[in-house]
Amino acid sequence: QVQLVESGGGLVQPGGSLRLSCAASGFTFSTVAMAWARQTPGKALEWVAGIYSNGKEIFYADSVKGRFTISRDNAKNELYLQMNNLKPEDSALYYCAKRKYKDYDDGYDYWGQGTQVTVSS
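What counts and what doesn't
- Residues numbered from 1 in each chain as written.
- Predicted model: local features only at pLDDT ≥ 70, side-chain atom pairs only at ≥ 80, totals over all residues.
- Heavy atoms only, no water.
- Salt bridge = Lys/Arg side-chain N within 4 Å of Asp/Glu carboxyl O.
- Buried < 20%, exposed > 50% of the residue type's maximum accessible area, 1.4 Å probe, protein only.
- Helix = DSSP H or I, 4+ residues; strand = E, 2+ residues; numbered from the N terminus.

(A) Representation of the pattern of salt bridges in the model. Across all of its chains, the model carries six salt bridges by this definition. In this structure, the salt-bridge partner of Asp62 is Lys65, at a minimum N-O distance of 3.3 Å. Looking at Asp62, the relative accessible area reads 67%, which means it is exposed. One salt bridge in this structure joins Asp90 and Arg67, with 2.7 Å as the shortest N-O distance. With a gap of 23 residues between them, Asp90 in the loop between β8 (78-83) and β9 (92-99) and Arg67 in the loop between β6 (58-60) and β7 (68-73) connect regions that are remote in the sequence. Owing to a relative accessible area of 0%, Asp90 belongs among the buried residues under this scheme. Since its relative accessible area comes to 10%, Arg67 is described here as buried. Here the salt bridges do not stand alone but share partners, grouping Arg38, Glu46, Arg67 and Asp90 into one network.

Functional significance is not addressed by these values, which are geometric in nature.
As structure tokens, then:
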């Protein structure tokens, strides 16, 4: 029922840009906060950015602040992550995630399959 499908990952050189997309279905997307997180093998999952249902409240991890931009299009049920000035340490499997209930701080209940981002010279 609930489905989150990430796309847009790939191989880029340091300093390059990439735009990730997440297509959501199976729930009322416009009422639910969403987030991007990333994970490198052997390391803990890192929260990257979050956005409330109305698109006005936005949060970023310090590691990506000023370089990444999270946005959403509620009419299209899509979530985006624009990544600029990419660094090798940004290499990871990127996931989009759905808040369990509206904008409440109650964790996430669904995750996409992930899209791989590799930043290398």
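Now, onward.
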